[in-house]
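Report on the structure
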Amino acid sequence: MSLPLLVAITGATFIISIWRIAMAPYQDTMGLIQKIFYFHVPSWMAMGVGILCCGLGSAMVIFRSSSKADRIAVAGAELSVLFGLCGLVSGPLWARKAWGTWWTWDPKLTIAFLLVLIFVSFLLVRRFGGPGSDKLAAAVGLFGLAVAPFVYVATSLWRTIHPMNTVVPTLVPGMRGAFWWSSAAFVLLSVVLLRMRVQLEECRTEVDDLYRERDE
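A few points on the structure. Remember, predicted model here, so these are calculated numbers, not experimental data.

Scanning the chain from terminus to terminus reveals six helices and zero strands. Counting from the amino terminus, the chain carries its helices and strands in the arrangement α-α-α-α-α-α. Its C-alpha atoms give the chain principal-axis dimensions of roughly 70 × 40 × 25 Å. The proportion of buried residues among the 216 residues of the chain is 39%. Side chains of the chain give 18 positive and 13 negative charges; the mean places of these two sets differ by 13 Å.

Printed below as a string of structure tokens:
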């Protein structure tokens, strides 16, 4: 699919999702603030796209020394940090109303916070690590991919005040449609940003090659 068409589909999906969120019924106890849910959870789903791309790209870097995979891994790590921060910001806004506190070192929250830091460290290693930083950062990317599932299963493994993973199937019809449209919009946005970021890095590589040819 061409990038302009994908951008158009993403924009249309966001418009529909905003309308569906506006029309979704209020939750009985939290009221309007519960609608943060439609941005909070999809942010983590979009982060999952970035984590998957970074992890698979990192594996290709380690085992095949692929420069294209390195660009995908870097783009995936950047997306992971971007959408992870969206989740970490929207979560406390919701928690203040639901739990009466902005933050608690709940196992699920703590692992999610550490996961974002892992991909921040990936970018720092890749940027400032010097020669061989691609493979070192790739190892960090694979570690992040291995840690990610624990965020999802944390509510099953440890006692936590965070809602269980069974919340989505129990949504009423008006809420369910808003959630899935918003999720689709965020996932599509992550794909668009990933493709744009990889294309930008490819253009930078071509420019660097031209400079080297001129210097030679």
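With that settled, the discussion passes to helix H5 (residues 133-157). Taking 1.5 Å per residue, 25 residues should reach 36 Å; H5 reaches 35 Å between its end C-alpha atoms and fits that length. A maximum bend of about 40° is found in H5 at Val151. All of the buried residues in H5 are Ser133, Ala137, Ala138, Val140, Gly141, Gly144, Val147, Ala148, Val151, Ala154 and Thr155. The secondary structure elements touched by the buried residues of H5 are helix H2 (37-64) and helix H4 (107-128).

Moving on, we get to the packing of H4 against H5. Two elements in contact, H4 and H5, have axes separated by 9 Å at closest approach and are oriented at 170°. Considering their axes alone, H4 and H5 lie roughly antiparallel with respect to each other. Tallied by class, residues from the contact of H4 with H5 come to 19 nonpolar, five polar and three charged.

Take the packing of aromatic side chains next. Counted according to the given criterion, the structure contains 10 aromatic pairs. Ring geometry for Phe14 versus Phe186: centroids 5.6 Å apart, planes at 55°, classification tilted. Placement of Phe14 in helix H1 (residues 3-23) and of Phe186 in helix H6 (residues 173-215) is noted, with a sequence separation of 172 residues between them. A relative accessible area of 10% means that Phe186 is categorised as buried. Taking 6.2 Å as the distance between ring centres and 75° as the angle between the ring planes, the aromatic pair formed by Trp103 and Phe113 counts as edge-to-face. Taken together, the positions of Trp103 in the loop between helix H3 (67-98) and H4 and Phe113 in helix H4 put the pair 10 residues apart, joining distant regions of the chain.

Grouped together as the largest cluster of nonpolar side chains are 29 residues, with contacts concentrated most on Met47, Leu115, Phe119 and Phe122. Ranked by residue count, the leading element in this core is H3, at eight residues. Ile36, Trp94, Met175 and Phe179 belong to the second largest nonpolar core, which has 12 residues in total.

Criteria and cut-off values
- Residues numbered from 1 in each chain as written.
- Predicted model: local features only at pLDDT ≥ 70, side-chain atom pairs only at ≥ 80, totals over all residues.
- Heavy atoms only, no water.
- Helix = DSSP H or I, 4+ residues; strand = E, 2+ residues; numbered from the N terminus.
- Buried < 20%, exposed > 50% of the residue type's maximum accessible area, 1.4 Å probe, protein only.
- Lys, Arg positive; Asp, Glu negative; His and termini not counted.
- Charge placed at Lys NZ, Arg CZ, Asp CG, Glu CD.
- Expected span 1.5 Å × (residues − 1).
- Bend = angle between axes of the 7 residues up to and from the residue.
- Contact = heavy atoms within 4.5 Å.
- Axes fitted to C-alpha atoms, helices over the stretch in contact; angles between N-to-C directions.
- Parallel < 35°, antiparallel > 145°, perpendicular 65-115°, else oblique.
- Nonpolar A, V, L, I, M, F, W, Y, C, P; charged D, E, K, R; others polar.
- Phe/Tyr/Trp six-rings, centres within 6.5 Å; stacked < 30°, edge-to-face > 60°.
- Core = buried A, V, L, I, M, F, W, Y, C linked by side-chain atoms within 4.5 Å.

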